[in-house]
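# Structural features, examined
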Amino acid sequence: MSVLTRNPNVIKWVEEMHALTKPDKVVWIDGGNAQLTALKEEALASGEISLLNQDKLPGCVYHRTAVNDVARVEDRTFICTNTQEEAGPTNNWCDPKEMYDKLIPMFDGVMKGRTMYVIPYSMGPIGSPLAKVGVELTDSIYVVLNMDIMTRIGVKAFENLGDTSNDFVRGLHSKADIDQEKRYIVHFPQDNTIWSINSGYGGNVLLGKKCFALRIASYQGWKEGWMAEHMLILGIEKPGGETVYVTAAFPSACGKTNLAMLIPPEGYQKKGYKVWTVGDDIAWLKKGPDGRLYAINPENGFFGVAPGTNEKSNYNALESTKKNTIFTNVALNNDDKTVWWEGLDKNPPINAVEWKGAKVNGPEFKAKGENLAHPNSRFTAPAKNCPCISKEFDNPNGVPISAMIFGGRRAKTAPLVYQAFDWRHGVFVGSIMASETTAAAIGAVGVVRRDPMAMLPFCGYNMADYWEHWFKMGEELGEKAPKIFNVNWFRTDDDGKFIWPGYGDNMRVLDWIIERAVGNAEAIETAIGYEPKPEDINIEGLESEGVTVDVVKNLLDVDPALWKDDASNIREFYKKFGDKLPKELENQLNWLEDRL
Ligand code: OXD
Ligand code: MN
């Protein structure tokens with residue numbers, strides 16, 4: 001196998017990593033079907049993956065990770081910048097030299113008896129001015145097959161890099177022994193480098209995703225004048241054909257994939273509204289030639305959480321998983337080799353294999369309170385499978401963004417929707433994003449966790465500098481900057497029941513947002529920002545759900561006492577950043593308190 005590129009920077013680095021990890025064999029991934037099919041066969045033969053029902057789920061395979069290796073490991077994720085201040089108070093930091101000294105012995109000879117796969121890939125459409133190239137070295141065929149779905153892999157990525165450029169992200173991954181005590185997910189932003197060892201779980205090993213497209217890319221965006229954000233991108237096509245694009249950032253488990261693939265309520269469909277998905281997790285944003293902010297989705301697939309996905313909650317996501325999809329840690333129906341997870345339907349398979357591999361009677365197993373699928377089990381599905389994928393998905397120039405939405409899970413404080421007064425206030429609104437913990441996680445329920453811009457686990461540098469960067473982007477965009485909004489689908493009544501129906505009905509809120517963004521909708525000024533008049537949220541068809549104008553009024557209510565509490569919580573959070581906290585954020589917080 002040839003080395004697929006003449007670029008001396010790539011060749012030299014691969015040689016160095018080869019000398020370090022000492023694999024028996026090196027295979028360069030060209031991206032062609034023949035090679036990928038052969039690798040899939042090899043993984044099937046070794047048992048790394050298994051084949052699902054090829055009539056019902058053509059091209060789909062199944063994989064189980066080690067029981068101790070089922071999620072991202074934030075406490076073992078590091079940002080190794082030259083100084084601790086560059087990484088900031090919200091990241092684990094280690095001196096780069098110290099970290100290399102620790103990891104080099106661990107990588108030394110780690111691939112003996114194994115094959116090293118060299119995966120060239122592009123984050124973003126090939127040839128896009130917003131795209132960037134990465135190379136991942138891995139000893140896992142599962143990683144190769146996932147990267148083929150999640151990114152654009154193969155020789156075309158090298159062609160895009162060219163013969164001399166040094167602008168590629170160097171990713172090194174080894175499963176090693178999947179030893180959780182020696183698991184490290186390490187970023188060296190100043191070296192364009194990611195090293196990941198002792199994991200086989202997607203979020204830790206598909207280095208294009210969180211590691212490159214958020215942590216390294218956020219750092220690059222800071223240095224180069226663009227933004228990498230934990231945001232979905234969607235287009236709302238209005239009757240008449242005009243499409244308005246928005247991005248939205250929510251913490252994990254707040255429904256980003258659901259919103260990205262929303263199906264409008266019947267009344268909207270009849271009028272001709274359509275929603276198109278550009279991305280469900282990550283947006284790269286850059287000022288375009290016309291002065292507006294443009295977004296691409298750097299990914300090429302969805303790495304979605306399976307549990308909870310069903311015909312009703314997310315029809316489009318479910319459809320996306322019907323072919324050429326890799327399922328990880330879901331349950332199997334052993335009768336017909338199909339997949340099952342909690343929330344798919346009410347019929348757990350009787351002849352089931354649970355996610356750890358034990359054969360069980362599904363209904364009996366569940367009656368004991370056990371999960372058949374791991375709560376963080378995943379599907380890796382090609383974006384092209386999605387029935388509502390945008391025709392702009394591959395547009396190298398991206399889509400122009402009219403509105404940016406922040407949101408979290410708040411039982412009482414945040415209203416259904418409000419708009420920031422301006423960009424600077426919008427940065428403040430993003431910086432105070434928070435979610436309340438639910439019963440689904442260990443620990444106290446209802447505890448507020450600050451997660452600014454949903455980037456807390458993903459910002460590759462000091463968040464104080466990150467906020468400064470947001471302010472600077474706003475100055476550069478001026479009048480053409482997207483309008484900034486905040487939403488909360490999760491307000492509850494006194495019995496703890498959700499008041500707003502959510503899912504497809506979130507379209508009603510998006511409707512106000514997009515009209516407001518272009519200056520067509522009215523608003524009321526409140527202490528926290530602009531709100532719609534309750535009657536301006538279209539609730540036609542929601543009567544049967546008990547949603548009246550009074551209910552909307554209630555959902556938009558701002559309780560000054562709760563907000564004052566929140567403000568003191570924000571002040572505590574800001575203290576972490578010491579003198580580096582942008583003065584503007586402190587001012588914004590003072591103004592909020594004054595207005596309350
Ligand atoms: C994800 C996450 O997997 O945010 O997308 O954790
Ligand atoms: Mn995410």
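Note that this is a predicted model, so its numbers are computed, not measured.

### A look at the packing of aromatic side chains
Summed over all chains, the structure comprises 26 aromatic pairs. Plain terms: the ring middles of Tyr-100 and Trp-195 are 5.1 Å apart, the flat faces sit at 75° to each other, and that makes the pair edge-to-face. In this pair, Tyr-100 is assigned in helix α4 (residues 96-107) and Trp-195 in strand β11 (residues 193-197), connecting sequence segments 95 residues apart. Considered together, Tyr-100 and Trp-195 belong to a single accessibility category, that of buried residues. Members of the aromatic cluster, connected to one another through ring pairs, are Tyr-100, Phe-107, Phe-188 and Trp-195.

### Some thoughts on the sheet that holds strand β3 (residues 61-63)
Here we have five strands laid out as an open sheet, ordered β2-β3-β19-β24-β18, and mixed in their pairing. Edge positions in the sheet fall to β2 (50-51) and β18 (301-305), since each of these pairs with one other strand and no more. Bridge count for β3 against strand β19 (residues 326-328) is three bridges, and the pairing is parallel. Paired with His-63 across the bridge in β19 is Thr-328.

### Digging into the site of ligand 1
In the region of ligand 1, the neighbouring residues are Arg-72, Lys-210, His-230, Ser-252, Asp-281, Arg-378 and Phe-458. One of the side-chain nitrogen or oxygen atoms of His-230 is found 3.3 Å away from an oxygen atom of ligand 1. Within the side chain of Ser-252, one N or O atom sits 2.8 Å away from an oxygen atom of ligand 1. For ligand 1, whose accessible area on its own is 210 Å², the fraction buried by protein is 86%. Here the residues of the shell around ligand 1 are counted per class, giving one nonpolar, two polar and four charged.

### Regarding the sheet that holds strand β23 (residues 359-360)
The antiparallel open sheet is built from four strands, whose spatial order is β21-β20-β22-β23. Single-partner strands in this sheet number two, and they are β21 (338-340) and β23. The sheet contact formed by strand β22 (residues 352-353) and β23 spans two bridges and is antiparallel. Counted as the bridge partner of Val-353 is Lys-359 from β23.

### Focus: the coordination of the manganese ion (ligand 2)
The protein atoms that coordinate the manganese ion (ligand 2) are Lys-210 (NZ), His-230 (NE2) and Asp-281 (OD), at distances spanning 2.2 Å. Donor residues for the manganese ion (ligand 2) sit on one chain with the sequence pattern K-x19-H-x50-D. Placement of Lys-210 in helix α8 (residues 208-224) and of Asp-281 in the loop between β15 (274-279) and β16 (283-287) is noted, with a sequence separation of 71 residues between them. Judged by relative accessible area, which is 7%, Lys-210 ranks as buried.

### Quick look at the state of the cysteines
Such a bond, covalent and formed between the sulfur atoms of two cysteines, is termed a disulfide. Under the defined criterion, the tally for this structure stands at zero disulfides. Unpaired in terms of disulfides, Cys-94 finds its nearest cysteine sulfur in Cys-80, a separation of 5.0 Å.

### Describing the domain arrangement of the protein chain
You can read the domains of the protein chain as domain 1 (8-48 + 71-225), domain 2 (229-300 + 390-595) and domain 3 (302-385). For domain 2 versus domain 3, the distance between C-alpha centres works out to 30 Å. Taken together, the ten residues of domain 2 in the interface contact nine residues of domain 3. When domain 2 packs against domain 3, close to 860 Å² is buried across both sides, 60% of that on carbon and sulfur atoms. Considering only the side of domain 2, the residues that lose the most area to domain 3 are Met-261, Ile-263 and Asn-300, jointly responsible for 48% of the buried surface there. Where domain 2 meets domain 3, there are one salt bridge. In this structure, Lys-384 and Asp-394 form a salt bridge, with 3.1 Å as the shortest nitrogen-oxygen distance. In the side of domain 2 that touches domain 3, the residues fall into four nonpolar, four polar and two charged.

### Focus on the packing of helix α2 (residues 33-46) against helix α5 (residues 141-150)
Taken N-terminus to C-terminus, the directions of α2 and α5 make an angle of 140°; their axes are 10 Å apart at the nearest point. Looking at the two axes, α2 sits oblique to α5. As α2 packs across α5, the resulting crossing turns out to be left-handed. Contacts between α2 and α5 involve Leu-36, Leu-39, Lys-40, Glu-42 and Ala-43 on the former and, on the latter, Ile-141, Val-144, Leu-145 and Asp-148. Here the residues of the contact of α2 with α5 sort into six nonpolar, no polar and three charged.

### Comments concerning the nonpolar core
By size, the foremost hydrophobic cluster in this structure holds 94 residues, and its most contacted members are Trp-284, Trp-467, Trp-470 and Tyr-574. When residues of this core are sorted by domain, at least three fall in each of domain 1 (8-48 + 71-225) and domain 2 (229-300 + 390-595). Membership of the second largest hydrophobic core comes to 69 residues, among which are Leu-52, Cys-60, Leu-259 and Val-330.

### Section: the pairing of strand β10 (residues 184-188)
Within β10, five of the five residues are buried, leaving the element largely enclosed by the surrounding structure. Burial along β10 is two-sided: Tyr-184, Val-186 and Phe-188 and Ile-185 and His-187, pointing in opposite directions, are all buried. Pairing of strand β4 (residues 77-79) with β10 involves three bridges; the strand directions are parallel. Its bridge partner lying in β10, Phe-78 is registered against Val-186. In terms of strand pairing, β10 meets β11 through five bridges, oriented antiparallel. Across the sheet, Phe-188 pairs through a bridge with Thr-193, a residue of β11. Linking two consecutive strands that pair antiparallel, namely β10 and β11, is a turn of four residues; a positive phi of about 55° is found at Asn-192 within it.

Reading the values: rules and limits
Residues numbered from 1 in each chain as written. Chains lettered and ligands numbered in written order. Predicted model: local features only at pLDDT ≥ 70, side-chain atom pairs only at ≥ 80, totals over all residues. Heavy atoms only, no water. Phe/Tyr/Trp six-rings, centres within 6.5 Å; stacked < 30°, edge-to-face > 60°. Helix = DSSP H or I, 4+ residues; strand = E, 2+ residues; numbered from the N terminus. Buried < 20%, exposed > 50% of the residue type's maximum accessible area, 1.4 Å probe, protein only. Pairing = 2+ DSSP bridges. Near = heavy atom within 4 Å. Polar contact = N/O pair within 3.5 Å; in protein donor to acceptor, adjacent residues only side chain to side chain. Areas by Shrake-Rupley, 256 points an atom, 1.4 Å probe, with all protein chains shown as cover. Nonpolar A, V, L, I, M, F, W, Y, C, P; charged D, E, K, R; others polar. Donors = N, O, S within 2.8 Å, 3.2 Å for Na, K, Ca; no water. Disulfide = S-S within 2.5 Å. Domains from an automatic or database assignment. Contact = heavy atoms within 4.5 Å. Buried area = accessible area lost by both parts, 1.4 Å probe. Salt bridge = Lys/Arg side-chain N within 4 Å of Asp/Glu carboxyl O. Axes fitted to C-alpha atoms, helices over the stretch in contact; angles between N-to-C directions. Parallel < 35°, antiparallel > 145°, perpendicular 65-115°, else oblique. Left-handed = near helix turned anticlockwise from the far one by under 90°. Core = buried A, V, L, I, M, F, W, Y, C linked by side-chain atoms within 4.5 Å.

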